[in-house]
Amino acid sequence: MHTKTIAQLAQGLKNKDFSSVELTQHYLNRINASDLNAFITITDESAMTQAKIADGKIAKGETSILTGIPYAHKDIFCTNGVKTSAGSKMLDNFIAPYDSTVSHQLNQADMVMLGKTNMDEFAMGSSTENSYYGATLNPWNTHKVPGGSSGGSATAVAGRLTPFATGTDTGGSIRQPASLCGITGIKPTYGRVSRYGMIAYASSLDQAGPMTQTAEDAALTLNVMAGFDDKDSTSAQRDVEDYTANLNDPIKGITIGIPKEFFSDGLNDGVASQIMAAVKEFEAMGATVKEISLPNSAYAIPTYYIVAPCECSSNLSRMDGVRFGHRCDNPKDLEDLYVRSRTEGFGGEVKRRIMVGAYALSAGYYDAYYLKAQKIRHLISDDFKKSFTEVDVIMGPVSPTTAWDLGAIKDPVAMYLADIYTLSANLAGLPAMSIPAGLSQKMPVGLQLIGNYWSESKLLNVAHQFQQQTDHHTKTP
Ligand code: GLN
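Residues numbered from 1 in each chain as written. Predicted model: local features only at pLDDT ≥ 70, side-chain atom pairs only at ≥ 80, totals over all residues. Heavy atoms only, no water.

Draft legend 1. Structural context of unusual backbone geometry. In the segment running from G148 into S149, the intervening peptide bond is cis, with an omega of 10°. Relative to the elements of secondary structure, S149 occurs in the loop between β3 (112-117) and α5 (151-158). Phi is positive for N37, close to 55°, though the residue is something other than glycine. Relative to the helices and strands, N37 resides in the loop between α2 (20-33) and β1 (39-42). Relative accessible area serves as the criterion here: at 28%, N37 is assigned to the partly exposed category. (Helix = DSSP H or I, 4+ residues; strand = E, 2+ residues; numbered from the N terminus. Buried < 20%, exposed > 50% of the residue type's maximum accessible area, 1.4 Å probe, protein only.)

Draft legend 2. Looking closely at the packing of α2 against helix α3 (residues 44-60). One way to put it is that α2 packs onto α3 with a least axis distance of 8 Å and a crossing angle of 160°. As the angle between them shows, α2 and α3 are arranged roughly antiparallel. The hand of the α2/α3 crossing is right-handed. Across from S20, V21, T24, Q25, L28 and N32 in α2, the residues of α3 making contact are D44, A47, M48, A51, K52, A54 and D55. Of the residues contributing to the contact of α2 with α3, the split by class is six nonpolar, four polar and three charged. (Axes fitted to C-alpha atoms, helices over the stretch in contact; angles between N-to-C directions. Parallel < 35°, antiparallel > 145°, perpendicular 65-115°, else oblique. Left-handed = near helix turned anticlockwise from the far one by under 90°. Contact = heavy atoms within 4.5 Å. Nonpolar A, V, L, I, M, F, W, Y, C, P; charged D, E, K, R; others polar.)

Draft legend 3. Inspection of the pairing of strand β4 (residues 164-168) at higher detail. Of all five residues that make up β4, five are buried, and the element is covered over most of its length. On β4, burial covers both faces: F164, T166 and T168 on one face and A165 and G167 on the other are all buried. Bridge count between β4 and strand β6 (residues 208-212): five bridges; the pairing is antiparallel. Its bridge partner being in β6, T166 is matched across the sheet by P210. (Pairing = 2+ DSSP bridges.)

Draft legend 4. Looking closely at helix α12 (residues 367-387). Given a rise of 1.5 Å per residue, 21 residues ought to cover 30 Å, and the 29 Å separating the end C-alpha atoms of α12 matches this to within 8%. Looking only at α12, the buried set comprises Y370, A373, I376, R377, I380, S381, D383, F384 and S387. Structurally, α12 contributes buried residues whose contacts are with β8 (288-292), α9 (300-315), α11 (348-361), β9 (393-397), α14 (423-428) and β11 (443-451). (Expected span 1.5 Å × (residues − 1).)

Draft legend 5. A nonpolar patch on the surface, seen in detail. Together, V322, L334, Y338 and V339 line one region of the surface with nonpolar side chains, adding up to about 340 Å² of accessible area. Locating V339 in the fold gives a position in helix α10 (residues 334-345). Note on V339: relative accessible area 44%, which makes it partly exposed. (Patch = residues over 30% accessible without salt bridge, like charges linked within 9 Å, V, L, I, M, F, W, Y side chains within 5 Å. Areas by Shrake-Rupley, 256 points an atom, 1.4 Å probe, with all protein chains shown as cover. Salt bridge = Lys/Arg side-chain N within 4 Å of Asp/Glu carboxyl O.)

Draft legend 6. Spatial organisation of the pattern of salt bridges. Going through the model one piece at a time under the given rule, you end up with 14 salt bridges. The shortest N-O distance in the salt bridge between D110 and K57 comes to 3.1 Å. Residue D110 is found in the loop between α4 (101-108) and β3, and its partner K57 is found in helix α3; the two are separated by 53 residues along the sequence. Assessed through its relative accessible area of 15%, D110 is described here as buried. K57 sits in the partly exposed class, given a relative accessible area of 27%. Residues joined in a network through salt bridges with shared partners are D336, R340 and E344.

Such coordinate-based values are descriptive only and should not be taken to indicate function.
Following this line, the structure appears as structure tokens:
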């Protein structure tokens, strides 16, 4: 059962080949037997209750396509009555008192939550090694990282512990772990999926999306996750399309842009050759390929690593041991309470970013760092705007390398370099995807697709057509 896609599982439930209770129990057994550390919390009991309710609805024919389908939820989404830790000691004892909008929407669709997945602390990282709950392992090779920050979700889907997991992507955290684990993931246009109840890292960049085996499954689940939400002031007042409607459109005649900056020296040869082979496949399918330039993408890393820490230093100020988060024992005064609670509650990478952000926002340095970064952010968006007058979709690698060994990257700046190809789409707010494009030295390579604003449907169509012609997405560890 666990090798099936959501589309196939939905058919199986409808045909009564198995019940949601059987399906849910099957995945829970797999999760409990797995040693990949993909989950922080397993919600066995409530999952079985939800599955029973779903089976009741299926029996009465009161179903949506996702009724009774199990999923795993990144532990950054508030889930009513369930621990929501964001991978941090700070929130180790936090039981969310309400549902995030995404959780609410998945509940409304009668999906079954299996548990909450592991992640880099407050979504800061590219390897899921920054979790208070220990690193998640890559199912393709358990000595390697799954990518991050949504590494628990990526491992859970790739390890077939769930057919679908949620992720969030501030600078690549859906696409990069999807790439390193050989699954499909889409970060929608900023504002498409509500951020309400999603613990904020960098609010102007954060965006949630689905992680699945196939583009078709991503379309099915994005249909439920997307939508306007008046509880999120940056949510877009725009109708949600049916993302499955155009999956089968022919892609003959589309123009694919290949940014020359995405094929520079730092790109691993094995990755580059898989990407070029995928682009050739698109040419064979009738697409035209054109070289383009995104000249300011070279500044994506320094720009992002100013903007994101600035926003996080503000967002995480609420974790003070009073309003939210871990509180130290026996504080001697208020100052001591703040200092010790935050010292004990946050891990090293989170502290580094809070300090960088607070420094860059300080009166003497604001113009030199934050304001400058915002200006460059604009230039990065303009590069894309110009490109999308000439091409329909931009393609390139997601990550300069395949998954690396656990513990191999110790220098934080070296870790930031892994984000070179993903950050620009977040800075511009554009939708972007990772789809499996084969293996290099037995590890998965992801192809990145970047689209114009609100072109999720086009991206999913292009990805689905590729998956009809190739079998990379069917490969399992
Ligand atoms: N690796 C990037 C960071 O650490 C992106 C993380 C993310 O998208 N949440 O900030």
